[in-house]
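So you can see what is in the structure, the chains are spelled out below.
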Amino acid sequence: MESTSADGETYTPQRKTPKMCQHQPPCPTAESADREAAQPLVHFPEQGWSLLCNGVLLFEDTGELLPDGRVIAPHRPLTAGRITTAA
Ligand SMILES: [Zn+2]
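Being a predicted model, the structure only gives us computed values, none of them experimental.

A few points about the overall build of the protein chain
Link 1 in the chain: Across its full length, the protein chain holds zero helices and five strands.
Link 2 in the chain: Secondary structure elements in the protein chain, listed N-terminal to C-terminal, are β-β-β-β-β.
Link 3 in the chain: Long-range pairs, those at least 24 residues apart, make up 24% of the contacts in the protein chain between residues at least 6 apart in sequence.

Some points on the pairing of strand 1 (residues 40-44)
Looking along a regular strand, one sees side chains alternate from face to face of the sheet.
Link 1 in the chain: Two elements, strand 1 and strand 2 (residues 49-52), share four bridges in a ladder whose sense is antiparallel. Across the sheet, the residue bridging to Val42 is Leu51, located in strand 2.

Some words on the sheet that holds strand 2
Link 1 in the chain: Spatially, five strands are ordered 1-2-3-4-5 in an open sheet, and the strand pairing comes out antiparallel. Every interior strand has two partners, whereas the edge strands, strand 1 and strand 5 (71-72), have only one.

Some words on the environment of Val42
Link 1 in the chain: Residue placement: Val42 occurs in strand 1.
Link 2 in the chain: A tally of 9 C-beta atoms within 10 Å means that Val42 is categorised as exposed.
Link 3 in the chain: Note: C-alpha distance between Val42 and Leu57 (15 residues apart in sequence) is 9.8 Å.
Link 4 in the chain: If we ignore the near neighbours within four places in the chain, the residues touching Val42 are Ser50 and Leu51.

Here we look at unusual backbone geometry
Negative phi characterises most residues that are not glycine, and trans characterises most peptide bonds.
Link 1 in the chain: Of the consecutive residues Gln24 and Pro25, the connecting peptide bond is found in the cis state with omega at -5°.
Link 2 in the chain: Take Pro25: it is sitting in the segment before strand 1.
Link 3 in the chain: Phi is positive for Thr62, close to 75°, though the residue is something other than glycine.
Link 4 in the chain: By the secondary structure assignment, Thr62 is in the loop between strand 3 (57-59) and strand 4 (64-65).

Section: the nonpolar core
Link 1 in the chain: Counting six residues, the largest nonpolar core consists of Cys27, Ala30, Ala38, Leu52, Val56 and Leu58.
Link 2 in the chain: Beyond its immediate chain neighbours, meaning those up to four positions away, Leu58 contacts Glu36, Trp49, Ser50, Leu52 and Glu64.

Brief notes about the pairing of strand 2
Link 1 in the chain: Between strand 1 and strand 2, which pair antiparallel in sequence order, lie four residues; one of them, Gly48, sits at a positive phi of approximately 80°.
Link 2 in the chain: As paired elements, strand 2 and strand 3 share three bridges and run antiparallel to each other. Of the residues in strand 3, the one forming a bridge with Ser50 is Leu58.

Parameters at a glance
Residues numbered from 1 in each chain as written. Predicted model: local features only at pLDDT ≥ 70, side-chain atom pairs only at ≥ 80, totals over all residues. Helix = DSSP H or I, 4+ residues; strand = E, 2+ residues; numbered from the N terminus. Contact = placed C-beta atoms within 7 Å. Pairing = 2+ DSSP bridges. Buried ≥ 20, exposed ≤ 12 C-beta atoms within 10 Å, placed from the backbone. Core = buried A, V, L, I, M, F, W, Y, C linked by C-beta atoms within 7 Å.

See the structure below:
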């Protein structure tokens, strides 16, 4: 039986997470490092973003806006080994 909370973890039970994901097995949550693997609910290619079922807004430049308002900078993988020659 646990009676202490001295592990330094911050848990905010009052934060409501919309139950958007209906998939089985459930998609990664917005808190997961694998959040981009969630299924897109809506996709607006002309506006350059998708809404994933975990509430993450995924932009086409790989930037992300999380449901709690955090912004993830674009992290598009760069082409390895590309050599730019002087023009
Ligand atoms: Zn899902």
